[in-house]
Amino acid sequence: MDTTGIIASGTQLKKLISKKSESTQRRYHLRPVELNILLLLHADPHMDTARDIMNRLHVSKAHVSQSLDHLKNGGFICLQEDPQDRRVFHIQLRQSAIDAALEMQAVYAECWALAVRDIPQEEVCTLLRVMQQMSDNVGLALAEG
């Protein structure tokens, strides 16, 4: 598989996740990026600022800001000012956000199971290790400019 094939596989997996999460999107009236933000915040509570989300999900500041506004207005999150830096707000999940994040976690697990079906566990472990190294390499290249 060449680079184009790898990118196409990622796009294909993203489409599967989007398709499998349609009912969750409708139930909570949220876009996929907003559900991904909730999942990230739930999975890693230490990543609780807009900057953290931008860096982890590789989305623009404007996109994160718009999504956080929608989540706040929908009652999914509340923002708490950082006592040491008034420009920073920490994001706290409300119960509806946790519920949506858990649904998305289940969708991701289902899609991952479908993607690795019939692949021996040893090969899945190798895949994960290689993908992590690739992600690290790309991250370094982006940081270097």
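Relevant structure appears above.
In this text the structure is predicted, and so the values were computed from the model without any measurement. (Residues numbered from 1 in each chain as written. Predicted model: local features only at pLDDT ≥ 70, side-chain atom pairs only at ≥ 80, totals over all residues. Heavy atoms only, no water.)

## Let's talk about the layout of surface pockets
One number sums up the size of the largest pocket: a volume of about 2200 Å³. As for the largest pocket, its lining consists of 42 residues, and the residues nearest its centre are G10, L13, I17, Y108 and M131. At the level of elements, helix 1 (3–20), helix 3 (32–43), helix 4 (50–57), helix 6 (95–115) and helix 7 (121–144) are the ones that each hand at least two residues to the lining of the largest pocket. Space inside the second largest pocket adds up to approximately 420 Å³. In terms of lining, the second largest pocket is formed by 13 residues, of which the most central are A50, R51, K61, R87 and F89. Those elements that provide at least two residues to the lining of the second largest pocket are helix 4, helix 5 (61–73) and strand 2 (89–93). Across the lining of the second largest pocket, the residue classes tally to seven nonpolar, two polar and four charged. (1 Å grid on protein atoms, 1.4 Å probe; cavity = no way out; pocket = protein on both sides within 12 Å on 5 of 7 lines; lining within 4 Å. Points joined across faces, edges and corners; volume = space filled by probe spheres on them. Helix = DSSP H or I, 4+ residues; strand = E, 2+ residues; numbered from the N terminus. Nonpolar A, V, L, I, M, F, W, Y, C, P; charged D, E, K, R; others polar.)

## Regarding the pattern of salt bridges
As enumerated under the stated definition, the model contains five salt bridges in all. Salt-bridge contacts for E81 lead to R86; the nearest nitrogen and oxygen are separated by 3.1 Å. The exposure class of E81 is partly exposed, given its relative accessible area of 36%. (Salt bridge = Lys/Arg side-chain N within 4 Å of Asp/Glu carboxyl O. Buried < 20%, exposed > 50% of the residue type's maximum accessible area, 1.4 Å probe, protein only.)

## Quick look at the environment of L13
With respect to the helices, strands and loops of the structure, L13 is situated in helix 1. Given the relative accessible area of 30%, L13 is considered partly exposed. Sequence separation between L13 and C111 is 98 residues, and the spatial gap between their C-alpha atoms is 7.5 Å. Look past the residues within four positions of L13 in its chain and what remains in contact with it is C111 and A115. (Contact = heavy atoms within 4.5 Å.)

By themselves, these are just geometric observations and shouldn't be taken as functional.
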